[in-house]
Amino acid sequence: MSRIFIAIIISLCYTNFMIGIIVVNAYIQKQTELNQAFRIQEELGKLNIQTKIVYTNEIAVFISSGNFNCNFKHIDFCIYLDKDKHILQMLKKLNIKIFNNVKAIEICDDKLLTHIALAQSDIPMPKTIGGVLCYYPQAKVQENILQIAENELGYPMIIKECYGSLGKGIYLINNKDELNEIAEKVKLKPHLFQQFIKESSGKDIRVIVIGGKCVGGMLRQNSADFRSNIEVGGKGYPTTLTQEQIDLCERVSKILNLDYCGIDLLIDKHGKPLVCEVNSNAFFRTFEQITNINVAKLYAEHIKNSLAK
């Protein structure tokens with residue numbers, strides 16, 4: 001028996017023939033949004049772990065005779081890069097190992113739930129007020145709700161829809177007229193009111209954490225918008241993280257029990273970091289280009305080690 005053949009057998013045994021799916025949203029419109037999935041698949045392939053990229057409309061997870069079934073058979077693990085919590089919950093019922101875990105994805109998908117989960121853990125964050133959900137389109141936003149936001153936050157302030165990514169659903173409120181307008185616009189959606197950190201207007205630090213360990217950070221700046229997201233015109237720059245920033249992000253990742261995440265830090269007037277958002281499926285294409293850190297490789301290695309346990 002040749003040495004090459006023996007090596008292949010050993011490699012296959014080591015990975016226990018693990019087969020996984022990488023789930024992405026069915027309505028992705030840009031090829032760049034698939035980069036994350038392809039990069040993870042590429043790096044897992046180098047570790048002899050087979051994966052298939054699957055759109056959510058290709059998955060049929062169903063309940064039949066009180067049991068859960070799926071049209072994909074013999075799947076050992078799933079890297080879930082979408083936010084559809086119902087498919088996610090049903091995949092969990094099939095006893096498939098999921099990265100990130102279901103609870104972590106659900107918490108990070110809801111911006112207010114993220115702040116609630118991190119509260120009482122000595123995690124610095126902007127002051128945040130939960131919006132009141134309206135169920136009647138014809139109803140007007142209650143004045144006392146807006147008064148509380150004004151009194152606690154002042155102007156300018158931020159209104160965020162709880163569900164959204166790539167900088168969408170985030171509004172800068174400069175006065176009472178804008179407050180009335182945007183509060184009316186988002187009243188039927190889960191939303192929050194938040195303190196505006198003017199020192200970080202158009203600027204934040206994106207930190208990637210894998211397996212509870214910080215792998216690096218990227219400064220994002222946008223001179224034309226208060227949002228720093230690359231998708232709305234922000235640019236990425238190399239940055240060196242402080243030990244305080246590293247420790248904070250690793251604590252956040254462990255509190256939320258995340259395998260992988262991108263944490264957005266704002267910097268206050270004292271130079272202290274504040275946790276703005278935590279993204280359980282943060283894109284890393286620009287991050288890899290700017291920092292020269294192979295995020296996909298580090299995530300693939302974490303996945304392999306986790307599957308071996």
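Everything below is about the structure shown above.
Here the structure is a predicted model, which is why all the values come from computation and not from measurement.

Next up on the list: the nonpolar core. Ranked by internal contacts, the top residues of the largest apolar core, which has 27 residues, are Ile40, Leu44, Phe77, Ile79, Tyr260, Tyr299 and Ile303. When contributions to this core are tallied by element, the ones reaching two or more residues are β1 (19-24), α2 (35-46), β5 (77-80), β11 (203-210) and α10 (295-308). With six residues, α10 is the largest single contributor of residues to this core. Setting aside residues up to four positions removed in sequence, Ile40 forms contacts with Ile22, Ile79, Leu81, Phe284, Ala296 and Tyr299.

Turning our attention to the packing of aromatic side chains. For the structure on display, the rule yields three aromatic pairs. Between Tyr260 and Phe284, the ring centres sit 6.3 Å apart and the planes meet at 75°, which makes this aromatic pair edge-to-face. Residue Tyr260 is found in strand β14 (residues 260-267), and its partner Phe284 is found in the loop between β15 (273-279) and α9 (285-291); the two are separated by 24 residues along the sequence. A single burial state applies to Tyr260 and to Phe284, both of which are buried. By the ring-pair criterion, three or more aromatic residues cluster together here, those being Tyr260, Phe284 and Tyr299.

Locating Asp82 in the fold gives a position in the loop between β5 and α3 (85-93). Among buried Asp, Glu, Lys and Arg side chains, Asp82 stands out as unpaired, with Lys83 the closest opposite charge at 7.9 Å. A polar contact is formed between the side chain of Asp82 and the side chain of Asn25, at a distance of 3.0 Å. In this structure Asp82 touches Val23, Val24, Asn25, Thr56, Ile105 and Asn281, once residues within four positions along its chain are discounted.

Cut-offs used in this document
- Residues numbered from 1 in each chain as written.
- Predicted model: local features only at pLDDT ≥ 70, side-chain atom pairs only at ≥ 80, totals over all residues.
- Heavy atoms only, no water.
- Core = buried A, V, L, I, M, F, W, Y, C linked by side-chain atoms within 4.5 Å.
- Buried < 20%, exposed > 50% of the residue type's maximum accessible area, 1.4 Å probe, protein only.
- Helix = DSSP H or I, 4+ residues; strand = E, 2+ residues; numbered from the N terminus.
- Contact = heavy atoms within 4.5 Å.
- Phe/Tyr/Trp six-rings, centres within 6.5 Å; stacked < 30°, edge-to-face > 60°.
- Lys, Arg positive; Asp, Glu negative; His and termini not counted.
- Salt bridge = Lys/Arg side-chain N within 4 Å of Asp/Glu carboxyl O.
- Polar contact = N/O pair within 3.5 Å; in protein donor to acceptor, adjacent residues only side chain to side chain.

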